[in-house]
Amino acid sequence: MMSTITLGIHGGAGRLGRRITALALADPRFSLRAVVVRHGSDAMGQDVGLLAGAEPVGILAGADPETLIACDVVIDVSSPAAAASLAGLLAKGGAKALVTGTTGWTDAQDETLSRAANDMAILRSGNFSLGVTALVHQVQEAAARLGPDWGVHIHDIHHSAKKDTPSGTALMLADAVRAGWDHSVTPKCLAVGAPLEENPTRGEIIITAERKGQVVGTHDVTFYGAGETLCFTHTAQSRDIFAYGALQAAQWLAGKKARLYTMQEVMSPQD
Ligand SMILES: NC(=O)c1ccc[n+]([C@@H]2O[C@H](COP(=O)([O-])OP(=O)(O)OC[C@H]3O[C@@H](n4cnc5c(N)ncnc54)[C@H](OP(=O)(O)O)[C@@H]3O)[C@@H](O)[C@H]2O)c1
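Quick caveat, the model's predicted, so the values are computed rather than measured.

## Description of the overall build of the protein chain
Check the secondary structure of the protein chain and you find eight helices and 11 strands. Over its C-alpha atoms the protein chain spans a radius of gyration of 19 Å, differing by no more than 12% from the 18 Å that the globule rule assigns to 271 residues. Its C-alpha atoms give the protein chain principal-axis dimensions of roughly 60 × 40 × 35 Å. Out of the 271 residues in the protein chain, the part that is buried amounts to 49%.

## Concerning the packing of helix H3 (residues 80–93) against helix H4 (residues 107–116)
With their axes 9 Å apart at the nearest point, H3 and H4 run at an angle of 25 degrees to one another. On the basis of their axis angle, the class for H3 and H4 is roughly parallel. Judged by the sense of rotation from one axis to the other, the crossing of H3 with H4 is left-handed. Between H3 and H4, the residues in contact are Pro 80, Ala 81, Ala 84, Ala 87 and Ala 91 and Gln 109, Thr 112, Leu 113 and Ala 116, respectively. Tallied by class, residues from the contact of H3 with H4 come to seven nonpolar, two polar and no charged.

## Some words on the sheet that holds strand E7 (residues 188–189)
For sheets, the rule is that strands pair by backbone hydrogen bonds, running either parallel or antiparallel. Here five strands make up an open sheet; going across it, the order is E7-E8-E6-E9-E10 and the pairing mixed. Unpaired on one side and paired on the other, E7 and strand E10 (228–236) mark the two borders of the sheet. Bridging between E7 and strand E8 (residues 205–211) involves two bridges; their strand directions are parallel. Counterpart to Lys 188 in the pairing with E8 is Ile 206.

## Observations concerning the domain arrangement of the protein chain
Domains assigned within the protein chain are domain 1 (5–124 + 239–266) and domain 2 (130–236). With nine residues of domain 1 in contact, the opposing surface of domain 2 contributes 12 residues. Carbon and sulfur atoms make up 61% of the area that domain 1 and domain 2 hide from each other, which totals about 880 Å². The largest contributions to the domain 1 side of the interface with domain 2 come from Thr 103, Arg 239 and Gln 264, which together make up 46% of the buried area. At the junction of domain 1 and domain 2, the tally comes to two residue pairs in polar contact (both at pLDDT 80 or more).

## Focus on the environment of Gln 109
Looking at the secondary structure, you find Gln 109 in helix H4. Apart from residues no more than four positions distant in its own chain, Gln 109 is found in contact with Pro 80, Ala 81, Ala 84 and Gly 104. Looking at Gln 109, its side chain comes within polar contact range of the main-chain nitrogen of Thr 106, at 2.9 Å.

## Overview of the site of the ligand
Close contacts around the ligand come from 23 residues, with Arg 15, Leu 16, Arg 38, Thr 103 and Phe 128 the closest. At a separation of 3.2 Å, a nitrogen atom of the ligand approaches a polar backbone atom of Gly 101. Ser 125 places a polar main-chain atom, nitrogen or oxygen, 3.0 Å from a nitrogen atom of the ligand. Against a free-state accessible area of 920 Å², the protein chains account for coverage of 79% of the ligand. Considered class by class, the residues forming the shell around the ligand number eight nonpolar, 10 polar and five charged. When residues are assigned to domains, the shell around the ligand turns out to be shared by domain 1 (5–124 + 239–266) and domain 2 (130–236), each giving three or more.

## Description of the pairing of strand E1 (residues 5–10)
Of all six residues in E1, six are buried; the element is thus mostly enclosed. On E1, burial covers both faces: Ile 5, Leu 7 and Ile 9 on one face and Thr 6, Gly 8 and His 10 on the other are all buried. By the bridge criterion, six bridges tie E1 to strand E2 (residues 30–36) in an arrangement that is parallel. Residue pairing for E2: Leu 7 is matched across the bridge by Leu 32. Taking the sense of rotation as the criterion, the β-α-β connection linking E1, helix H1 (residues 15–25) and E2 turns out right-handed. Here E1 pairs with strand E3 (residues 73–76) via four bridges, running parallel. By the bridge assignment for E3, Leu 7 is matched with Val 73.

What counts, and where the lines are drawn
- Residues numbered from 1 in each chain as written.
- Predicted model: local features only at pLDDT ≥ 70, side-chain atom pairs only at ≥ 80, totals over all residues.
- Heavy atoms only, no water.
- Helix = DSSP H or I, 4+ residues; strand = E, 2+ residues; numbered from the N terminus.
- Rg over C-alpha atoms; globule rule 2.2 N^0.38 Å.
- Buried < 20%, exposed > 50% of the residue type's maximum accessible area, 1.4 Å probe, protein only.
- Axes fitted to C-alpha atoms, helices over the stretch in contact; angles between N-to-C directions.
- Parallel < 35°, antiparallel > 145°, perpendicular 65-115°, else oblique.
- Left-handed = near helix turned anticlockwise from the far one by under 90°.
- Contact = heavy atoms within 4.5 Å.
- Nonpolar A, V, L, I, M, F, W, Y, C, P; charged D, E, K, R; others polar.
- Pairing = 2+ DSSP bridges.
- Domains from an automatic or database assignment.
- Buried area = accessible area lost by both parts, 1.4 Å probe.
- Polar contact = N/O pair within 3.5 Å; in protein donor to acceptor, adjacent residues only side chain to side chain.
- Near = heavy atom within 4 Å.
- Areas by Shrake-Rupley, 256 points an atom, 1.4 Å probe, with all protein chains shown as cover.
- Right-handed = clockwise from strand over helix to strand, strands pointing away.

Spelled out as structure tokens, the structure:
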């Protein structure tokens, strides 16, 4: 029988971090060892079970990321600056594996993550949902079959507290289109709330975004051809789909060798 995976969570006071903590505490595959919150956060010193809306478990939220180094897998859902700095620290400290779901990375932060993946297994995904992972695959397949004679519109809708635009998922979907077309094109990203004035022309990718209320996340991808359209939609009804996917990814990544992995690999039929 597989032994329990020791788990650390970085960004444990956030909306997603609390749900990952709650699900991990109820999941026999994992033994939660450390939950790290931002230094100075009100959550520092609180019992992580209570923080996650569950029973107290005797583990207090800390602010020292070094406490995560000894865990089999660390899940990060914080901010891009904090996540990049964590990746560097974990790689230097000899940590084994990092799953990061943080979105909004700059090129320099991306580079820090890629460098850290020389020393440890890292899985990064802007969306841990199993449905979105399947959608990314389907969108790449559709783009490959239809070819760049079609144009693509991606629309992302999220709650009003979301910090980055477009969403990490919208960017992943644009990457899937480009990969399917096998052709590099920079998506045109319109400002939040800006409507799509004209349908995308052949070989064009346009991303629009809406921020409202408590929407967990909806993504529409529409392919425009001559006289026809093809639409895909994914709707997240609960943040728990991301927490569940993050734990699936953590279990899959435990024990893997150093390199960058994707959520597509977690769901690959070969694995
Ligand atoms: N991959 C996915 O499936 C998925 C799904 C949803 C969201 N996300 C992404 O995951 C990230 C978190 O999302 P969220 O909705 O949970 O946001 P959130 O509620 O703002 O949570 C982020 C948390 O990270 C904390 N943090 C910031 N700097 C830190 C540091 N140095 N050390 C430890 N914690 C730190 C923040 O603390 P303070 O509030 O005290 O600053 C906050 O508690 C975002 O990038 C979001 O886009 C990914």
